[in-house]
Amino acid sequence: MPTDLTPVDESLAEALSAERERQHETLTLIASENHASDAVLRAQGSVLTNNYAEGRPGERYYAGCAHADEVERLARERAKRLFDTVHANVQPHSGTQANLAAYEALLEPGDSILSLELTSGGHLSHGHDATAVATHYEVEHYHVEPETGRLDYEAVAERARETNPDLLVSGYSAYPRRVDWERMQAIAEGVDAVHVADIAHLTGLVAADIYPSPVGVADVVTCSTHKTIRSGRGGAIMASEEYAAAVDRAVFPGLQGGPLLHNVAGKAAGFYEALQPEFEAYASQTVENATALGGHLDGRGFDLVSGGTDVHFVLLDFQQSHPDLTGQRAEAVLEDAGIVCNKSTVPGDRRKSTVTSGVRLGTPAITTRGFDADATRRLADAIADVLDAPEDDAVRENAGEVVDGLCDRFPVYE
């Protein structure tokens, strides 16, 4: 089976080769990205690309699915072990698809959702006006406290009593602190709502038992299967027995046709790796590196949303410390120095989402490369130097040299 595309499609081969080089020569601090293992890459590029497998194991709409069934069962059983859940569906194509399936399973069109607003750290799929979620459901929002950047659970409860939602969403895209899942479940029960916990960003931390799990607390838990867990790209859903059948129907035939079995194979491979003892060390180091990154940037005069982090990323807020700097500009000048991150809205942000007043800096990918806290602090100095002088070409060049040295010291895909 050919692995080199050059004789077949030179243009595509060149683009893939260039991307591999880009990943080696830059440092990825996008919190939702990681470097999958060779095993995961091979599984996702496997012959399962050729399979249609609508339905579930043992209940397919196509013949020839015996081995596809085995692969999906492996992924499903490994997810159940990782998250200590009675039911897992590993077919969602993404975390967003998992969220849509949860809403489809638990709500009727026109029902209401209460979720965290985007600038407070929520996600588009939790009901932003630009999405299909807001088209099909009535969406209200709660917020973090602007002074602290943290959730005030009594304020969330009050908002729930005001809006009386049918479904409460917890779990976030840019909230760097621990979530009290039990408190959120109690808030949902207090207004007779179902509770969906979205751990898209936290999947690996929860699997490694270094972050509290909402499984067994919330009615349904959705996740991404890449990000902190480094598995096949996609999503998954964990549900109690009460909601398992409804979730499965919502995924197929409700929202998706045939599952991407090659991605399910990647999930199975990544879940196997996450079940190994060394994965806990990786997840712990990821959080340790984020803490080191945030602490060093705080010492360099940057404001951190909520004052720090309990997770795999820090969120820089420029509104007070660097009021002339936008997230858009910060993202661009850091990329110029070989540091890849993403702009992010922050609590109280008055700039539009394409500009923003902050950036999110995550450590999953650099930890996969082998970074420890000392190397992360070295990178933090380069970041601070660039952001303190975003128009200084010489500073960016010096930071780029630091990045080059770190990339060579911690290579990807040797």
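Please refer to the structure placed before this passage.
Residues numbered from 1 in each chain as written. Predicted model: local features only at pLDDT ≥ 70, side-chain atom pairs only at ≥ 80, totals over all residues. Heavy atoms only, no water.

### Observations regarding the overall build of the protein chain
For the protein chain, the helix and strand inventory stands at 16 helices and 15 strands. By the compact-globule yardstick of 22 Å for 414 residues, the protein chain fits well, its C-alpha radius of gyration being 21 Å. Along the first, second and third principal axes, the C-alpha atoms of the protein chain reach 60 × 60 × 35 Å. Taken across its 414 residues, the protein chain has 56% of its residues classed as buried. For the protein chain, contacts bridging at least 24 residues in sequence account for 73% of all contacts bridging at least 6. Split by element, the accessible area of the protein chain, about 17700 Å² in all, is 46% carbon and sulfur. Between the centroid of the 33 positive side chains of the protein chain and the centroid of its 66 negative side chains there is a distance of 2 Å. (Helix = DSSP H or I, 4+ residues; strand = E, 2+ residues; numbered from the N terminus. Rg over C-alpha atoms; globule rule 2.2 N^0.38 Å. Buried < 20%, exposed > 50% of the residue type's maximum accessible area, 1.4 Å probe, protein only. Contact = heavy atoms within 4.5 Å. Areas by Shrake-Rupley, 256 points an atom, 1.4 Å probe, with all protein chains shown as cover. Lys, Arg positive; Asp, Glu negative; His and termini not counted. Charge placed at Lys NZ, Arg CZ, Asp CG, Glu CD.)

### Some details on the sheet that holds strand 15 (residues 358-362)
Across the sheet, four strands lie side by side as 11-12-15-14; this open sheet has antiparallel pairing. Edge strands, defined here as strands with exactly one partner in the open sheet, are strand 11 (303-304) and strand 14 (342-344). Pairing analysis gives five bridges linking strand 12 (residues 313-317) to strand 15, with the strands arranged antiparallel. Within strand 15, the residue paired with L316 across the bridge is V359. Each of strand 11, strand 12 and strand 15 touches helix 11 (residues 277-299); the most contacted strand, strand 12, lies at about 20 degrees to it. (Pairing = 2+ DSSP bridges. Axes fitted to C-alpha atoms, helices over the stretch in contact; angles between N-to-C directions.)

### Considering the sheet that holds strand 7 (residues 167-170)
Read from one edge of the open sheet, seven strands run 4-10-9-8-7-5-6, paired in mixed fashion. Where the open sheet ends on each side, the last strands, each with one partner, are strand 4 (88-89) and strand 6 (138-142). With five bridges connecting them, strand 5 (residues 112-116) and strand 6 associate as parallel partners. The partner of S112 across the bridge, within strand 6, is E138.

### Examining a negative patch on the surface
A surface patch of like charges, here negative, comprises E21, E25, E397, E401, D404 and D408. Of all elements in the fold, only helix 1 (10-25) and helix 16 (393-409) reach the threshold of two or more residues within the negative patch. Here the negative patch gets four residues from one element, more than from any other, and that element is helix 16. Note on placement: D408 falls in helix 16. Judged by relative accessible area, D408 falls into the exposed class, the value being 58%. (Patch = residues over 30% accessible without salt bridge, like charges linked within 9 Å, V, L, I, M, F, W, Y side chains within 5 Å. Salt bridge = Lys/Arg side-chain N within 4 Å of Asp/Glu carboxyl O.)

### Section: the packing of helix 11 against helix 15 (residues 373-388)
Look at helix 11 against helix 15: their axes get within 8 Å of each other, and the N-to-C directions meet at 40 degrees. As helix 11 packs across helix 15, the resulting crossing turns out to be right-handed. Of the residues in helix 15, those touching helix 11 at Q285, E288, N289, A292, L293, H296 and L297 are A373, T376, R377, A380, D381, I383 and A384. Looking at the contact of helix 11 with helix 15 residue by residue, the classes come out as seven nonpolar, four polar and three charged. (Left-handed = near helix turned anticlockwise from the far one by under 90°. Nonpolar A, V, L, I, M, F, W, Y, C, P; charged D, E, K, R; others polar.)

### Some words on the packing of aromatic side chains
According to the stated counting rule, one finds eight aromatic pairs in the structure shown. Ring geometry for F279 versus Y282: centroids 5.6 Å apart, planes at 45 degrees, classification tilted. Highlighted residues: F279 and Y282, both in helix 11, separated by three residues, approximately one helical turn. F279 sits in the buried class, given a relative accessible area of 2%. (Phe/Tyr/Trp six-rings, centres within 6.5 Å; stacked < 30°, edge-to-face > 60°.)

### Considering empty space enclosed by the protein
The tally for this structure, following the rule as stated, stands at three cavities of 30 Å³ or more. As a volume, the largest cavity reaches approximately 60 Å³. Lining the largest cavity, in full, are Y172, S173, Y175, R177, V179, H201, L202, Y211, V311, H312 and F313. Considered class by class, the residues forming the lining of the largest cavity number seven nonpolar, three polar and one charged. (1 Å grid on protein atoms, 1.4 Å probe; cavity = no way out; pocket = protein on both sides within 12 Å on 5 of 7 lines; lining within 4 Å. Points joined across faces, edges and corners; volume = space filled by probe spheres on them.)

### Here's the deal with the nonpolar core
Grouped together as the largest cluster of nonpolar side chains are 63 residues, with contacts concentrated most on F83, Y142, L151, M184 and I199. For this core, the leading source of residues is helix 10 (residues 261-274), giving seven residues. If sequence neighbours within four positions are ignored, F83 has contacts with I199, T203, V206, A207, V215, I229 and M238. By size, the runner-up hydrophobic cluster in this structure holds 34 residues, among which are V333, V402, V403 and L406. (Core = buried A, V, L, I, M, F, W, Y, C linked by side-chain atoms within 4.5 Å.)

### Notes on helix 9 (residues 241-255)
Helix length check: helix 9, at 15 residues, gives a terminal C-alpha distance of 21 Å against a target of 21 Å (1.5 Å per residue), a fit within 8%. Listed in full, the buried residues belonging to helix 9 are Y243, A244, A246, V247, D248, A250, V251 and F252. In this structure, the buried residues of helix 9 make contact with strand 2 (55-56), strand 4, helix 4 (95-106), strand 8 (194-198), strand 9 (220-224) and strand 10 (235-239). (Expected span 1.5 Å × (residues − 1).)

### Notes on helix 4
For helix 4, with 12 residues, the first-to-last C-alpha span of 17 Å sits near the 16 Å given by 1.5 Å per residue. Sitting at the amino-terminal end of helix 4 is S94, which places a side-chain oxygen 3.4 Å from the backbone nitrogen of T96. (Polar contact = N/O pair within 3.5 Å; in protein donor to acceptor, adjacent residues only side chain to side chain.)

### A closer look at the side chain of N342
When you line up the elements, N342 lands in strand 14. The residues touching N342, leaving out its near neighbours within four places in the chain, are I30, A31, E331, V359 and R360.

### Some points on the layout of surface pockets
By volume, the largest pocket amounts to about 1500 Å³. If you trace the largest pocket, you find 40 residues lining it, with R20, S37, L41, R42 and Y413 closest to the centre. For the lining of the largest pocket, the secondary structure elements donating two or more residues are helix 1, helix 2 (38-44), helix 11 and helix 14 (364-369). In terms of residue count, helix 1 provides more of the lining of the largest pocket than any other element does, seven residues in total. Class assignment for the residues of the lining of the largest pocket results in 11 nonpolar, 15 polar and 14 charged. Of the voids in this model, the second largest pocket is the one considered here, and its volume is about 510 Å³. Taken together, 26 residues form the lining of the second largest pocket, with L118, G122, H123, S173 and R360 sitting closest to its centre. Going through the elements one at a time, helix 4 and strand 14 are the ones with two or more residues in the lining of the second largest pocket.

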